[in-house]
Amino acid sequence: MKYFLFDIGHVLVDFDYQLFLDAVSEATGKPCESLTGRDLEMHYAVETGEISDAQWVDYLNQSMGVPWTLEELTQLWSRIFTKQKEGRLLFEDAKRSNVPVYLLSNIAKHHVDAIENNWPGIFEEINGKFFSYQIGVRKPHPDIYRHALNELGVEGNQCFFVDDLPDNIEAARSLGMNAHQFIPENYAVIRNSSREFF
């Protein structure tokens, strides 16, 4: 059995993080040009389930001075997320081919909720999902890939993986996965490679 694993960000959905920073600036009346090192630490913590989404919102409110609720943060991300056209074509093509399709993504629960708000049922149309906030580790750490392989009961060479980040591709390849970096311009190449693989 072979499996098709998709990342989410910049593969199935696009987003511009500047829109988040702009929302912070609008809410506080102060410029917000980037996240601090501590902000990134806490962001990684919510993506690995080390802290809850509610704790992440509390941190944002305290550190940045925004007045958001978790629901408002989720709605903000629903506005930020947009459909990645070429990645969705690849996704739909894989599902039509009756290939087992899974997601493997660094993601927090409120991002999952925001995506489901925009595209209801998107996470129900697949065979399964491996999300960092549930597993407790983020890509490119090898343990998240090992978790997926163990759950599927396969070797790396039985998986075709698509991700937008080179580090994540390199880590997947180190475990034997047939991994491809996704950029929209490479859609046809990746599609043809996946058809050859399966």
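Our subject in this report is the structure included herewith. (Residues numbered from 1 in each chain as written. Predicted model: local features only at pLDDT ≥ 70, side-chain atom pairs only at ≥ 80, totals over all residues. Heavy atoms only, no water.)

## Points about the sheet that holds strand β4 (residues 101–105)
Reading across the sheet, the 5 strands line up as β5-β4-β1-β6-β7 and stay open at both edges, with parallel pairing between neighbours. One side of each edge strand has no neighbouring strand; the edge strands of this open sheet are β5 (128–131) and β7 (178–181). Each strand axis lies, on average, 20 degrees off the axis of its neighbour in the sheet, ignoring direction. Here 3 bridges tie strand β1 (residues 3–6) to β4, and the two strands are oriented parallel to one another. In the strand pairing of β4, Leu5 is matched with Tyr102. Contacts between helix α5 (residues 85–96) and the sheet are confined to β1, β4 and β6 (159–163), with β1 contributing the most and set at about 155 degrees to the helix. Taken strand by strand, helix α10 (residues 187–197) contacts β1, β6 and β7, and its axis lies near 165 degrees from that of β6. (Pairing = 2+ DSSP bridges. Helix = DSSP H or I, 4+ residues; strand = E, 2+ residues; numbered from the N terminus. Axes fitted to C-alpha atoms, helices over the stretch in contact; angles between N-to-C directions. Contact = heavy atoms within 4.5 Å.)

## A short note on the nonpolar core
Counting residues in each nonpolar core, the largest one holds 51 residues, and the members touching the most others are Phe6 and Phe20. The biggest single contributor to this core is helix α3 (residues 53–64), with 5 residues. Setting aside residues up to four positions removed in sequence, Phe20 forms contacts with Leu35, Leu60, Trp68, Leu73, Leu76, Trp77 and Ile80. Counting residues in hydrophobic clusters, the runner-up holds 19 residues, among them Tyr102, Phe130, Leu149 and Ala179. (Core = buried A, V, L, I, M, F, W, Y, C linked by side-chain atoms within 4.5 Å. Buried < 20%, exposed > 50% of the residue type's maximum accessible area, 1.4 Å probe, protein only.)

## Remarks on the packing of aromatic side chains
Tallying each qualifying case throughout the model produces 20 aromatic pairs. For the pair Tyr17 and Trp77, a centre-to-centre distance of 5.7 Å together with 55 degrees between the ring planes defines the contact as tilted. In this pair, Tyr17 sits in helix α1 (residues 17–28) while Trp77 sits in helix α4 (residues 70–80), placing the two residues 60 residues apart along the sequence. Taking the relative accessible area as the measure of exposure, Trp77 reaches 4% and is therefore buried. When the ring of Phe197 is compared with that of Phe198, the centres are 4.9 Å apart and the planes differ by 85 degrees; the resulting orientation is edge-to-face. On the basis of relative accessibility, which here comes to 35%, the residue Phe198 falls in the partly exposed class. Here the aromatic cluster, defined as three or more aromatic residues joined through ring pairs, consists of Phe4, Phe6, Phe91, Phe160, Phe197 and Phe198. (Phe/Tyr/Trp six-rings, centres within 6.5 Å; stacked < 30°, edge-to-face > 60°.)

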